[in-house]
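# Coordinate inspection notes
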Amino acid sequence: MEALYGFLAFFAIALIGWAIAELKAKADNYVSTEQEDAAMQAYLDGQKKNGYTEQSIRDVIKSIATKGFSAI
């Protein structure tokens, strides 16, 4: 019976924590400024000028070791 009380207490604490996290996310109303947008655009333009291209998931899988290491 004590295990059931412990589980219920854990469940109640988890629900309270989840509710706090949801309310905190809804209360955040951050809006970026024009300066931040301009800085981000300058950063992205600089990346494109230096040859950066965004990879798809297939490109990433081709470029990483997905088969592991050989034993010898």
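Residues numbered from 1 in each chain as written. Predicted model: local features only at pLDDT ≥ 70, side-chain atom pairs only at ≥ 80, totals over all residues. Heavy atoms only, no water.

### Section: the overall build of the chain
Counted only if it meets this: Think of it this way: any DSSP run of H or I at least four residues long counts as a helix, any run of E at least two long counts as a strand, and we number them from the N terminus. Burial classes follow relative accessibility: with a 1.4 Å probe on protein chains only, a residue under 20% of its type's maximum area counts as buried, one over 50% as exposed, and anything between as partly exposed. Shrake-Rupley sampling with a 1.4 Å probe provides the accessible areas, and residues are treated as covered by the protein chains on show and by no other component.
In terms of helices and strands, the chain carries three helices and zero strands. Written out in order from the N terminus, the α and β elements of the chain read α-α-α. For the chain, the residues scored as buried account for 0% of the 72 residues in total. Carbon and sulfur atoms make up 64% of the accessible area of the chain, which amounts to about 7,400 Å² in all.

### Examining the confidence of the model for the chain
For clarity, the cut-off: Note: pLDDT gives the predictor's confidence per residue, expressed from 0 to 100.
Chain-level pLDDT for the chain is 87 on average; 89% of the residues reach the 70-or-more range. No element of the chain has a lower mean pLDDT than helix H3 (residues 57–63), which averages 82, and none a higher one than helix H1 (residues 2–27), which averages 93.

### A word on helix H2 (residues 34–49)
What counts, and what does not: Take the number of residues in a helix, subtract one, and multiply by 1.5 Å to get its expected span.
With 16 residues, H2 extends 22 Å from end C-alpha to end C-alpha; this agrees with the ideal 22 Å at 1.5 Å per step. Of the residues flanking the end of H2, it is Gly51, one or two places downstream, whose phi is positive at about 95°.

### Thoughts on a nonpolar patch on the surface
Just so we agree on the cut-off: Patch construction takes residues with relative accessible area above 30% that form no salt bridge. Like charges are linked within 9 Å, and nonpolar side chains (Val, Leu, Ile, Met, Phe, Trp, Tyr) are linked within 5 Å. Throughout this description, the term salt bridge denotes a Lys or Arg side-chain nitrogen within 4 Å of a carboxyl oxygen of Asp or Glu.
Together, Met1, Leu4, Tyr5, Phe7, Leu8, Phe11, Leu15 and Trp18 give the surface a local cluster of nonpolar side chains, amounting to about 940 Å² of exposed area. Position of Met1 among the secondary structure elements: in the segment before H1. Classification of Met1 by relative accessible area gives exposed; the value is 68%.

### Some thoughts on H1
For H1, spanning 26 residues, the distance from its first C-alpha to its last is 38 Å, which sits close to the expected 38 Å at 1.5 Å a residue. Burial within H1 is sparse, with just zero of its 26 residues counted as buried.

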